[in-house]
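So you can see what is in the structure, the chains are spelled out below.
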Amino acid sequence: MTAVDLEFDQLNSTADALRRSISNRLIYGVGKDAVAARPQDWLHAAALAVRDRLVARWMKTTRQQYEQDVKRVYYLSMEFLIGRTFTNALLALGIYDQMNEALSSLGVDLTSIAELEPDAALGNGGLGRLAACFLDSMATLAIPGFGYGIRYDYGMFRQQIVDGAQIETPDYWLRGGNSWEFPRPEVQYIVHFGGHTIQRDSGVEWVETEHVNAMAYDTVIPGYGTSATNTLRLWSARATEELDLSAFNQGDYRRAVEAKEHSENVSRLLYPDDSTQAGRELRLRQEYFFVSATMQDLIRRYQRTHSTFGRFAEKVAVHLNDTHPVLAIPELIRLLVDVHHVPWDRAWKMVQQVFSYTNHTLMPEALETWDVDMLARLLPRHLEIIFEINAGFLKEASERFGHDVDVIRRISLVDEFGQRRVRMAHLAIVTSQKVNGVSKLHSQLMEREFFSDFARMFPDRFTNVTNGITPRRWLAQASRPLSSLIDSHIGMGWRTDLFELGKLRALKDDPTFAAEFRSAKRRSKIRLANRLLHDMGASIHPDALFDMQVKRIHEYKRQLLNVLHVIVRYNRIRANPNHDWVPRAVIFAGKAASAYKMAKTIIKLIGDVSAIVNNDPLVGDRLKVVFVPNYGVSVAELLIPAADLSEQISMAGTEASGTGNMKLALNGALTVGTMDGANIEICEAVGRENMFIFGLAANEVTEMRSSGYRPRQIYEENAELRQALDQIRTGFFSDGDSHRFSDIFHTLVDWGDHYMVLADFAAFAAAQDAVDARFRDPRAWTASAIENVAGMGQFSSDRTIAEYAREIWRVKALETE
Ligand SMILES: *Cc1c(COP(=O)(O)O)cnc(C)c1O
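Reading the values: rules and limits
Residues numbered from 1 in each chain as written. Predicted model: local features only at pLDDT ≥ 70, side-chain atom pairs only at ≥ 80, totals over all residues. Heavy atoms only, no water. Near = heavy atom within 4 Å. Polar contact = N/O pair within 3.5 Å; in protein donor to acceptor, adjacent residues only side chain to side chain. Areas by Shrake-Rupley, 256 points an atom, 1.4 Å probe, with all protein chains shown as cover. Helix = DSSP H or I, 4+ residues; strand = E, 2+ residues; numbered from the N terminus. Nonpolar A, V, L, I, M, F, W, Y, C, P; charged D, E, K, R; others polar. Axes fitted to C-alpha atoms, helices over the stretch in contact; angles between N-to-C directions. Parallel < 35°, antiparallel > 145°, perpendicular 65-115°, else oblique. Left-handed = near helix turned anticlockwise from the far one by under 90°. Contact = heavy atoms within 4.5 Å. Salt bridge = Lys/Arg side-chain N within 4 Å of Asp/Glu carboxyl O. Buried < 20%, exposed > 50% of the residue type's maximum accessible area, 1.4 Å probe, protein only. Pairing = 2+ DSSP bridges.

S.K.: Report on the site of the ligand, specifying residues and quantitative values.
M.R.: Neighbouring residues of the ligand: 13 residues in total, closest Lys 551, Lys 557, Thr 659, Gly 660 and Lys 663. For the ligand, an oxygen atom lies 2.7 Å from a polar atom in the side chain of Lys 557. Take Thr 659: an N or O atom from its main chain is 2.8 Å from an oxygen atom of the ligand. With the chains in place, 96% of the 390 Å² that the ligand exposes on its own is no longer accessible. For the shell around the ligand, the elements supplying multiple residues, two or more each, are α6 (126-140) and α25 (660-666). In the shell around the ligand, the residues fall into 3 nonpolar, 6 polar and 4 charged.

S.K.: Please set out the packing of helix α1 (residues 15-30) against helix α4 (residues 96-105) residue by residue, giving values where relevant.
M.R.: Packing of α1 against α4 brings their axes to within 8 Å, and their N-to-C directions diverge by 55°. Of the possible angle classes, the one that applies to α1 and α4 is oblique. Judged by the sense of rotation from one axis to the other, the crossing of α1 with α4 is right-handed. On α4, the residues touching Ala 15, Leu 18, Arg 19 and Ile 22 of α1 are Gln 98, Met 99, Glu 101, Ala 102, Leu 103 and Ser 105.

S.K.: Please set out the pattern of salt bridges residue by residue, giving values where relevant.
M.R.: In this structure the tally under the stated criterion is 60 salt bridges. Residues Lys 395 and Glu 399 are paired through a salt bridge, measuring 3.7 Å at the closest nitrogen-oxygen approach. Here Lys 395 and its partner Glu 399 are both found in helix α14 (residues 380-401), 4 residues apart, which amounts to about one turn of the helix. On the accessibility criterion, Lys 395 (56% relative accessible area) is exposed. Residue Glu 720 pairs with Arg 572 through a salt bridge whose shortest N-O separation is 2.7 Å. Here Glu 720, found in helix α29 (residues 719-730), pairs with Arg 572, found in helix α22 (residues 559-575); they are 148 residues apart in sequence, far enough to count as distant. In this structure, a network of salt bridges that share partners links the residues Arg 184, Asp 218, Arg 233, Asp 297, Arg 300 and Arg 301.

S.K.: Summarise the sheet that holds strand β14 (residues 369-371); cite the residues concerned and give the values.
M.R.: Pairing within the open sheet is antiparallel, and its 3 strands lie in the order β14-β16-β15. Taken across any chain shown, the strands that pair with only one partner, and hence form the sheet edges, are β14 and β15 (414-415). Of the pairings in the sheet, the one linking β15 to strand β16 (residues 421-423) comprises 2 bridges and is antiparallel in character. By the bridge assignment for β16, Asp 415 is matched with Arg 421. Where helix α16 (residues 424-431) meets the sheet, its contacts fall on β14 and β16, and the angle it forms with β16 comes to roughly 45°.

Structure representation (structure tokens):
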């Protein structure tokens, strides 16, 4: 390498300079003349002009990281639900207005080209979006952080709704190219699978493996209001040999490319589910593929400036976003012991100082385990390492607890019951220096109930870090009307110090501010109503109460509770059409995992109900039901600013935190919700009088379960509920088809109602009546909405990341000047 001082242009960001950059990028980058340029070409050219401006910051940050020999955080996640980047980058750089001017002078409309950018949908839902919010906050706080994951060719499927039912189509998001990434063909690592191990004097060797290359693609993550940037490095699978030459030479062209296809499949697609076991072996390969490349990469980076592993734990923190990347633990041990010849005891000590783990769910069916036989076949060396960790751990546990067989069985890393399986959460807990839940309730349940044996053994290990969301995307970018209103009263500081929003509390009874607040919300509601009319022919009135449940479709989130209430409301309106009903538009959005039949049936039920309700002349505008297709980050940015009411109605004890709840409250929606996840903390922050809390608490759910829950009795005793359930059962909404929803009926009434929908129904309906009463009084409603916005300070992901940095990773911000 030479170290010539390069001469290059420092780009400034006036409208004129941007206009010139865009023109240059269109001609020399995209290779088009203005006459031939399509809107996509303008977007590409403008994105490249923005990217150029990010790169200068990026290089500076990297240089500073090396100069300051900082400790780095590696955030490992199977999912990053990024959404679009263009507008986000403009706001981070503070050049939105300049870009707008530059583009208009070229005859191009910024907002319409921004809409052409495909979402980077490399995630399913909350967990992946959290990782994306964390990247934004790490960069903004100048924490030296790297996101590591998989560059899936196909992201989350696109959802279409046809006749009320979900249809999945592939999301080939890279079709038009990706302006934001830098391919790094020089950064490739070999990842091995299969084979077997040999014990030699010099150590263990893992031999006769098949391999695939992991190639890096880097995306710049800009911080807001700082020159600091971070990197998201995603791995793509490349065959180690392009072609099977002998097959090729024999003229067997199909076989010549087959092996390549097979090995590159590992980064082909995101599993459209984070809880079920579709394609288990390929999923296991994915998990190992990306953590192996990542561990090799971080060791290489460490070794660039350190000649021994003596300071490794001082300089490296590895965070596991749920259990999907837990194989990083045995992989790092393998690399240290087998490849770099660090003695086992030292390596084991080191990894225990390096890893930390966030648990995201306590639902037993979602806790990841891997079949021992499959591990033996695919990752024999890692299985040996896991067994060795387990032996040491169980020995320690026996010393602690005496040899209590029940305890040992419960905590072992290997579930010996039936087909032997490795419990990934246990491996994570035993190795990590910190283990956290994502809301106070969730962390408490984790420590006191689900992992209490571990908590007794490692009392200082368990902690809570409540989730947060980035206010840059979820308020500044998503809701221009509300954010500029806020700016004009309290300034722009809330973008990086969300507690500033507290200042709005003083304005909550100011009639002028309240009127402005209502009109800002109304602009977002009109925008949504227009879009729904244009895109799907759905007509909703902007003065109706916009009631939203937008999140993945899952039984525990209880979309069914919401639908039942919609049906009861419909029946009430029909029974009493002359009453002065509060008009409502009930909006649903969310994807069902493709293999999750019940979730798909729920979507179909919503579709059937909406077809009847929306076309009933007796009902008119007083009740509308809309299912908005293809929920994802961009759809969320459209929906959330327009919400009046936020439905957060999971059965208490099942939603670890929720972050949709935070986004909606930040946009001035009032919450109807259970005491679950972060709802509890939102309630403390905004005041119970500004929410509609209902239903069983987590401990009451447990009590009711153990004392014998009888849903059929509730069905029999609540006449309105019975009518609604009977309509579902008899095909009232489905042309008399009494078969279509019979599983829903029986699940609720006869098969135990696992998520206690019927138990909470009456309380939910009463809470909805209280919602109507408040909405009739616009002054009271707006005051509560303002209290919600004002109370959201602590739910910034900046607060969350600051806690991780201080309490868990023990990293300091980069000095940027
Ligand atoms: C925030 C978000 C989620 C998580 O929503 P919850 O209501 O917390 O489940 C899921 N998907 C997208 C696209 C989001 O933006």
